Amino acid sequence: MGTHFFMKLDWLEYDLQLKKPFGIAGNSRTFTPVVFVRLEKDGIAGYGEASLPPYLPETVQSVIAFLKQIDARRLEQATFDDAVEYLHSYPGNPSAKAALEIALADFHAKASGVPAYKLLHSGGTIPLNTFTIGLGELREIKEKLDDAESFRIIKVKLGSSRDKEIIREIRKHTDRPLCVDVNQGWPDREYALEMINWLYDQHVLLVEQPMMKEDISGHAWLSERSPIPVYADESFQNIKDLGKVKNAFSGINIKLMKCGGPVQASRIAEEARSSGLKILIGSMNESSCANLAAAHVADKADFTDLDGPFLISNNPFKDPVMQDGCIILSSLPGLGLEFTEAFRNFPKWQLS
């Protein structure tokens, strides 16, 4: 028999550097802090990631504080399902839980010799993926579109005083279909409806979160009149929010960092579909780690917004493979992650 090692839980603080400043309604940033997680036992390592953009309540410090509460021996002794249930016995901290759920899925799938989507009871097929054009200077749009050459749908951040100018500039360079994400940036329902009617003629497929997240009745009014599906993002965080949004929006944006991981995302997608909602599997600014974890449960979605690795300059892992506008999952066990040479021997992981 081989030597048995107890499971170790380690983590690493890291900043994902964006290739270009990333602007949304309300803020702009040049990097996104993340915490990578590693679960290791008997020579098998599973990796996870918590992405922490500034508008989320969690921070690097709160994620690490959560990780310090976790008993790695409980994870070692449990099945995958029981380990996930143990994580969610703690309140709050969805991004920290997502990092651990992702690491557990990667570890257990590797230990079983199967791709993670099989462990997660997913089909492994992924719908079209979008590439995001953040708010910024109009002169930068052509260069950003050039970066999106392998994508068949463009996602555009709006919610500024120049929204129509942005769309007109994009339409000078591409006729690809668009998705629009307003990030709560439009002031009221009448203005939102006027904009959506104009966007309908610009070949826009969907509009995310036009108004403030608390304005559920306003979004219900808008969805009834909109010629384009209206999706909830900030208004929808986790499965507890399905009841309040299912009659106010056409669809929801499910993100691992909001809901607590791929297992939770899959459960939400199944329940949302049974409620008649459309589904977008989205992401924060993430490396290939969290990005591929979301891709492994994306077979239930209508669209994916999993472009994080293509927006950053220091991805620790090789970029996902794109083909015909979709992410193609690897047949390797686990998430299919492969370190870049530059990162392989760089990190100093912090032991729990």
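Scroll up for the structure.
Below or above, wherever it landed, is the structure these notes cover. Throughout this description, residue numbers start from 1 for each chain and increase along the sequence as written. The predicted nature of this model means local features are confined to residues of pLDDT at least 70 and side-chain atom pairs, given and counted, to a pLDDT of 80 or more, with totals for whole chains, interfaces and linings taken over all residues. Side-chain measures were taken over the full set of non-hydrogen atoms in the model, leaving aside hydrogen atoms and water.

A few words now on the packing of helix α1 (residues 60-69) against helix α4 (residues 94-112). With their axes 9 Å apart at the nearest point, α1 and α4 run at an angle of 55 degrees to one another. Of the possible angle classes, the one that applies to α1 and α4 is oblique. Where α1 crosses over α4, the two elements pack in a sense that is right-handed. Of α4, the residues touching α1 (which contributes Val63, Phe66 and Leu67) are Ala96, Lys97 and Leu100. Residue type decides the class: Asp, Glu, Lys and Arg count as charged, Ala, Val, Leu, Ile, Met, Phe, Trp, Tyr, Cys and Pro as nonpolar, and the leftover types, Gly among them, as polar. Within the contact of α1 with α4, the residues separate by chemical class into 5 nonpolar, no polar and 1 charged. Working convention: axes come from line fits to C-alpha atoms, limited for helices to the stretch in contact. Angles between N-to-C directions cover 0 to 180 degrees. Secondary structure counts use DSSP, requiring at least four H or I residues in a row for a helix and at least two E residues in a row for a strand, with both numbered from the N terminus. With respect to orientation, any angle under 35 degrees is reported as roughly parallel, any angle over 145 as roughly antiparallel, any angle of 65 to 115 as roughly perpendicular, and every other angle as oblique. Note on convention: the crossing is left-handed when the near helix lies turned anticlockwise from the far helix by less than a right angle, right-handed when the turn is clockwise. What makes two residues a contact is simply this: any of their non-hydrogen atoms within 4.5 Å.

Lining residues are defined by having an atom within 4 Å of a point belonging to a cavity or pocket. Those points lie on a 1 Å grid over the protein atoms alone, cavities being sets where a 1.4 Å probe fits but cannot get out and pockets being open sets with protein on both sides within 12 Å along at least five of seven lines. Grid points are joined across faces, edges and corners, and a volume is the space filled by probe spheres set on the points. For the coordinates displayed, the defined rule picks out 3 cavities of 30 Å³ or more. Volume-wise, the largest cavity comes out at about 160 Å³. In this structure, the largest cavity is lined by 18 residues; those nearest its centre are Phe22, Lys157, Ser283, Met284 and Asp305. Elements with a minimum of two residues in the lining of the largest cavity: β1 (8-24), β5 (153-157) and α14 (308-311). Broken down by class, the residue content of the lining of the largest cavity amounts to 5 nonpolar, 5 polar and 8 charged. The computed volume of the second largest cavity comes to approximately 130 Å³. Together, 13 residues line the second largest cavity, and Lys20, Phe131, Thr132, Lys144 and Leu311 are the ones closest to its centre. Those elements that place two or more of their residues in the lining of the second largest cavity are β1, β4 (130-133), α6 (141-147) and α14. With 5 residues, β1 is the single largest residue contributor to the lining of the second largest cavity. Taken together, the residues that form the lining of the second largest cavity break down as 7 nonpolar, 2 polar and 4 charged.

Okay, helix α12 (residues 262-274) next. With 13 residues, α12 ought to run about 18 Å at 1.5 Å a step, and its terminal C-alpha atoms sit 19 Å apart, in line with that. By the burial criterion, the buried members of α12 are Pro262, Val263, Gln264, Ala265, Ser266, Ile268, Ala269 and Ala272. One or two positions beyond α12, positive phi appears at Gly276, with a value near 85 degrees. Between the first and last residue of a helix there are one fewer steps than residues, each counted as 1.5 Å, and that sum is the expected span. Only protein chains enter the accessibility calculation, which uses a 1.4 Å probe; a residue whose area is less than 20% of its type maximum is buried, one above 50% is exposed, and one in between is partly exposed.

Should a side-chain nitrogen of Lys or Arg be within 4 Å of a carboxyl oxygen of Asp or Glu, the pair is scored as a salt bridge. In this structure the tally under the stated criterion is 22 salt bridges. A salt bridge links Arg38 to Asp10, with the shortest nitrogen-to-oxygen separation between them at 2.9 Å. In this pair, Arg38 is assigned in strand β2 (residues 27-41) and Asp10 in strand β1, connecting sequence segments 28 residues apart. As far as the burial class goes, Arg38 and Asp10 line up, both buried. A salt bridge links Lys155 to Asp305, with the shortest nitrogen-to-oxygen separation between them at 2.7 Å. Here Lys155 is found in strand β5, whereas its partner Asp305 is found in the loop between β11 (303-304) and α14, with 150 residues between them in sequence. You'll find Lys155 and Asp305 in the same group, each marked buried. What emerges from the salt-bridge pattern is a single network uniting Lys155, Lys157, Asp181, Glu208 and Asp305.

Limitation: the analysis is restricted to geometry and does not speak to function.
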